[in-house]
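Report on the structure
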Amino acid sequence: MAENEQAVKPKSKKMLFIILGVVLALAIGGGAAYYFLVMKADSHAAESKPKTPDLQIFVPLEAFTVNLRPESTEPQQYLQTTLNLQVPSEEMSANLKAHMPELRSRILFILTNKKASEITSVEGKNTLITEITEELQKPFSGSQSEQKITGVYLTSFIIQ
């Protein structure tokens, strides 16, 4: 009997080492999987977020008062609005101020081409802002570089 007990003990220790080895391998594999799937994904998500400029400059424009395109059933309507442009740098702000007559002319052409019914809704105002942004980002006369306008904000908007 004593011989049978001694034969069993080495098997149990061997089995214990095998079980511990499997558990250790699973723990290491799980830890590695967690690191590569979760931790790396978090770092890639943080890297993929668009970087916003640290400093935003607002360029206020003088009020615009324009005749809107007439509606067939409405009398002549007017729009009075004030805009602020958002740019990423002082250099861009100075460039816009240096080209203010051309900038205002571009905006006036857009505003006078609108009917009151087109710009009274939220969607209409968003479309107007998009059109102004696209037009102002085009190069000014005598320049090859485009402007970087990061936002156009309506600070006053009256239709009469």
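Higher on the page you've got the structure.
What you see is a predicted model; the values in this text were computed from it and never measured.

Every second residue of strand β2 (residues 64–67) is oriented toward a common face, the buried set being Phe64 and Val66 and the non-buried set Thr65 and Asn67. Bridge analysis of β2 against strand β3 (residues 78–87) gives 4 bridges, and the strand direction is antiparallel. The partner of Asn67 across the bridge, within β3, is Tyr78.

Counted at 1.5 Å a residue, the expected span for helix α5 (residues 122–136) with its 15 residues is 21 Å, and the 21 Å between its end C-alpha atoms agrees. Buried within α5 we find Gly124, Leu128, Ile132, Thr133 and Leu136. As for α5, its buried residues are in contact with β3, α3 (100–112), α4 (116–119) and β4 (151–159).

Before going further, it helps to examine the nonpolar core. Counting residues in hydrophobic clusters, the biggest one holds 25 residues, and the most contacted among them are Leu61, Leu85, Leu96, Leu103, Ile107 and Ile132. Of all the secondary structure elements, the ones that give two or more residues to this core are β1 (57–60), β2, β3, α2 (90–98), α3, α4 and α5. With 5 residues, the single largest contributor to this core is α3.

Below, the discussion takes up α2. All buried positions along α2 are accounted for by Met92, Ser93 and Leu96. The buried side chains of α2 occupy one side of the element, clustering within an arc of 105° when seen end-on. Seen from the open side of α2, the exposed residues pointing more than 90 degrees away from its buried face are Glu90, Glu91, Lys97 and Ala98. Buried residues belonging to α2 abut β1, β3 and α3.

A separate point is a nonpolar patch on the surface. On the surface, Met15, Ile18, Ile19, Val22, Val23 and Leu26 cluster together to form a nonpolar patch covering roughly 580 Å² of accessible area. Turning to its location among the elements, Met15 is positioned in helix α1 (residues 2–48). Residue classification places Met15 among the partly exposed residues on the basis of a relative accessible area of 48%.

Definitions and cut-offs
- Within any chain, residue numbers begin from 1 and follow the written order of that chain's sequence.
- Restriction of local features to residues with pLDDT of at least 70 applies here, the model being predicted, together with a cutoff of 80 or more for giving and counting side-chain atom pairs; totals for whole chains, interfaces and linings are based on all residues.
- Excluded from the side-chain calculations are hydrogens and water; all other atoms, namely the structure's heavy atoms, are used.
- Think of it in three bands: with a 1.4 Å probe and only protein chains considered, a residue is buried below 20% of the maximum accessible area for its type, exposed above 50%, and partly exposed in between.
- Working definition: helices are DSSP H or I runs of at least four residues, strands are E runs of at least two. Numbering for both runs from the N terminus.
- Pairs of strands are assigned from DSSP output, requiring at least two bridges between the strands.
- Expected span, for any helix, means 1.5 Å times one less than how many residues it has.
- The criterion used for residue contact is that any of the two residues' heavy atoms lie within 4.5 Å.
- Take the buried Ala, Val, Leu, Ile, Met, Phe, Trp, Tyr and Cys residues and link them wherever side-chain atoms come within 4.5 Å; each set so joined is a nonpolar core.
- Within this analysis, the arc is defined by the directions that extend from the helix axis to the C-beta atoms.
- To count toward a patch, a residue needs a relative accessible area above 30% and no salt bridge. Like charges then connect within 9 Å, nonpolar side chains (Val, Leu, Ile, Met, Phe, Trp, Tyr) within 5 Å.
- For accessible areas, the Shrake-Rupley method is used with a probe of radius 1.4 Å. Any residue's cover is judged against the shown protein chains and nothing else.
- In what follows, salt bridge is the name for a side-chain nitrogen of Lys or Arg lying within 4 Å of a carboxyl oxygen of Asp or Glu.

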